[in-house]
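Next come the chains, spelled out residue by residue.
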Amino acid sequence: MIEMKTRQELTTWIKKQKQLGYTIGFVPTMGFLHEGHLSLVEQAKKKADIVVMSIFVNPLQFGEGEDYESYPRDHDRDKELADSHGVDVLFSPGVEEMYPRSMSTTLVVHEGTDVLCGQSRPGHFNGVATVVLKLLQITLADYAYFGLKDAQQVAIIQRMVEDFHLETEIIPIDIVRESDGLAKSSRNVNLNLEERQEAPEIYTCLKDASRKTQNEEFTNSTDLEDWVRLQLQKKLTGKIDYVQVLEFPSLKAPKQLEGKILLATAVYYKRARLIDNIVIEIKG
Ligand code: AMP
């Protein structure tokens, strides 16, 4: 694996590879790698000739009082994991490299930001869209891999790619979970023992809700949301940020529980905010 820290080095190298006819699969991350990230690499390796992973904790997508400073980081460990899982190029720029001066132009995401994490993290998706656009420009990726754990991010990035006529194909990848069902996340290390023990209840509850929805036990999305909120309140000490049901990938409020429905939740713990979701396919 080669590690590169500058845009110029990476783009020059990639242009050469593309001239030779190789395709580029790109996996953007904020590091502190786990099997969720590595499953994106695995899928990229299946389709693309060269796999580029970026590790960059993007200050632009963190709001005031959020966990930019305490976001877990371990570059040496990440490097070893990326290398042993077949990443060809690791792009690990510093903040100065990605933002050499203040940005005169940034992206503003207009749709799908008044729901889910967009509601509780104002400006977050503007920061995400801006950095992803920069990274796609730098990597010239043919394919870019995003986890469905961040389902709203997948929907928003897909729209950005369409809006700007980018040539990168966005490939969504299923959520990877711990054996007890907790969605893998870099932030899980910031849970205390008690929080870690109860956190798998989040997915148990989403699965139960999915089964009940399939069995037509809810007549509308509000009933479904209320049921999930009540279950989570009973089982968790964490504070529920939201429980929301939306059409996916449009992120619009569903008129009926029909088609592809995203049931998503976020829970605040002392030092971590966890998100999880399930996509329920309902035949009309
Ligand atoms: P992050 O480093 O948290 O920004 O995540 C980088 C990418 O990995 C994003 O596309 C995430 O959606 C994806 N990802 C994170 N956790 C998981 C997971 N448990 N399963 C699948 N993808 C994940």
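All values derive from a computational prediction rather than experimental measurement.

Trainee: Explanation requested: the sheet that holds strand S5 (residues 143-147) in the structure shown.
Mentor: The strands making up a sheet associate through backbone hydrogen bonding, with each pair oriented either parallel or antiparallel. Taken together, the six strands give an open sheet; going across it, the order is S1-S4-S3-S2-S5-S6, and neighbouring strands pair in parallel fashion. Sheet topology places strand S1 (2-4) and strand S6 (169-173) at the edges, where each strand pairs with a single neighbour. Adjacent strand axes in the sheet meet at a mean angle of 25° when their direction is disregarded. Lying over the sheet, helix H2 (residues 35-47) contacts strand S2 (24-29), strand S3 (50-55), S5 and S6, oriented at roughly 150° with respect to S5. Across the sheet, helix H7 (residues 151-163) is in contact with S5 and S6; its angle to S5 comes to roughly 155°.

Trainee: Whenever I open this one, the side chain of Glu-198 confuses me. Can you help?
Mentor: On the secondary structure map, Glu-198 appears in helix H8 (residues 193-198). Despite its burial, Glu-198 pairs with no opposite charge, the nearest such side chain being Lys-270 at 8.7 Å. For Glu-198, the contacting residues outside a window of four places in its chain are Lys-235, Leu-236, Thr-237, Gly-238 and Tyr-269.

Trainee: How should the sheet that holds strand S7 (residues 239-247) be read in this particular structure?
Mentor: The strand order across the open sheet built from three strands is S7-S8-S9, with neighbouring strands paired in antiparallel fashion. The open sheet has two edge strands, S7 and strand S9 (273-282), and neither has a second partner. Taking each pair of neighbouring strands and ignoring which way they run, the sheet shows an average axis angle of 15°. As judged from the 10 bridges shared by strand S8 (residues 259-268) and S9, these two strands associate in the antiparallel manner. Counted as the bridge partner of Ala-266 is Ile-275 from S9.

Trainee: Sorry, what's going on with the site of the ligand here?
Mentor: Around the ligand there are 17 residues in total, and Met-30, His-37, Asp-150, Val-176 and Lys-184 lie nearest to it. Within the backbone of Gly-147, one N or O atom sits 2.9 Å away from an oxygen atom of the ligand. Val-176 is positioned with one of its backbone polar atoms (N or O) 2.8 Å from a nitrogen atom of the ligand. Among the elements of the structure, S2, H2 and S5 are those that each provide at least two residues to the shell around the ligand. The element best represented in the shell around the ligand is H2, accounting for three residues. Each residue belonging to the shell around the ligand can be placed in one class, and the counts come to seven nonpolar, six polar and four charged.

Trainee: Teacher, can you tell me more about the environment of His-85 here?
Mentor: Relative to the assigned elements, His-85 resides in the loop between helix H3 (75-84) and strand S4 (89-91). Since its relative accessible area comes to 35%, His-85 is described here as partly exposed. Distance in space between the C-alpha atoms of His-85 and Val-131 is 25 Å, their sequence separation being 46 residues. Every residue in contact with His-85, bar those within four places of it in the chain, is listed here: Leu-38, Val-41 and Lys-45. A distance of 3.3 Å separates the side chain of His-85 from the side chain of Ser-84, its partner in a polar contact.

Trainee: Help me understand the side chain of Glu-195, please; the structure alone is not making it clear to me.
Mentor: Mapping Glu-195 onto the fold places it in helix H8. Look at Glu-195 and you get buried, because its relative accessible area is 3%. A polar contact of 3.3 Å, which involves the side chain of Glu-195, links it to the backbone nitrogen of Lys-270.

Trainee: Is there a simple way to think about the pairing of S8 in this case?
Mentor: Taken residue by residue, a regular strand's side chains alternate between the two faces of the sheet. Among the 10 residues that make up S8, seven are buried, leaving the element largely enclosed by the rest of the structure. In the sheet, S7 pairs with S8 via eight bridges, with the strands oriented antiparallel. If you follow Leu-246 over to S8, its bridge partner there is Leu-262. Here S8 folds back onto S9 in antiparallel fashion, the turn holding four residues.

Trainee: Would you mind showing me how to read the environment of Gln-231 here?
Mentor: For Gln-231, the location among the structural elements is in helix H10 (residues 221-235). Sequence-wise, Gln-231 and Asn-192 are 39 residues apart; in three dimensions their C-alpha atoms are separated by 21 Å.

Conventions and cut-offs
- Within each chain, residues carry numbers counting from 1 in the order of the written sequence.
- For a predicted model such as this one, the threshold for reporting local features is a pLDDT of at least 70, and the threshold for listing and counting side-chain atom pairs is 80 or more; totals across whole chains, interfaces and linings nevertheless cover every residue.
- Only hydrogens and water are removed before side-chain values are computed, so all heavy atoms of the structure are retained for them.
- At least two DSSP bridges between two strands are required for those strands to pair.
- Helix numbering and strand numbering both begin at the N terminus, where a helix is a DSSP run of H or I of at least 4 residues and a strand a DSSP run of E of at least 2.
- Simply put, an axis is a line fit to the C-alpha atoms, just over the touching stretch for a helix, and the angle between two N-to-C directions goes from 0 to 180 degrees.
- Residues count as neighbours in contact if any of their non-hydrogen atoms are within 4.5 Å of one another.
- For each residue, the accessible area found with a 1.4 Å probe, counting protein chains only, is set against the maximum for its type, and the residue is called buried under 20%, exposed over 50%, and partly exposed in between.
- Note that His is not counted, nor are the chain ends; the positive residues are Lys and Arg, and the negative ones are Asp and Glu.
- Salt bridges are identified by distance alone: a Lys or Arg side-chain nitrogen within 4 Å of an Asp or Glu carboxyl oxygen.
- A single heavy atom is enough: if one lies within 4 Å of a molecule or strand, its residue is considered near that molecule or strand.
- Two N or O atoms count as a polar contact when they lie within 3.5 Å, although within protein this holds only if one can serve as hydrogen donor and the other as acceptor, and sequence-adjacent residues are included solely when both atoms are side-chain atoms.
- Amino acids outside the nonpolar list (Ala, Val, Leu, Ile, Met, Phe, Trp, Tyr, Cys, Pro) and the charged list (Asp, Glu, Lys, Arg) are all regarded as polar, and Gly is one of them.

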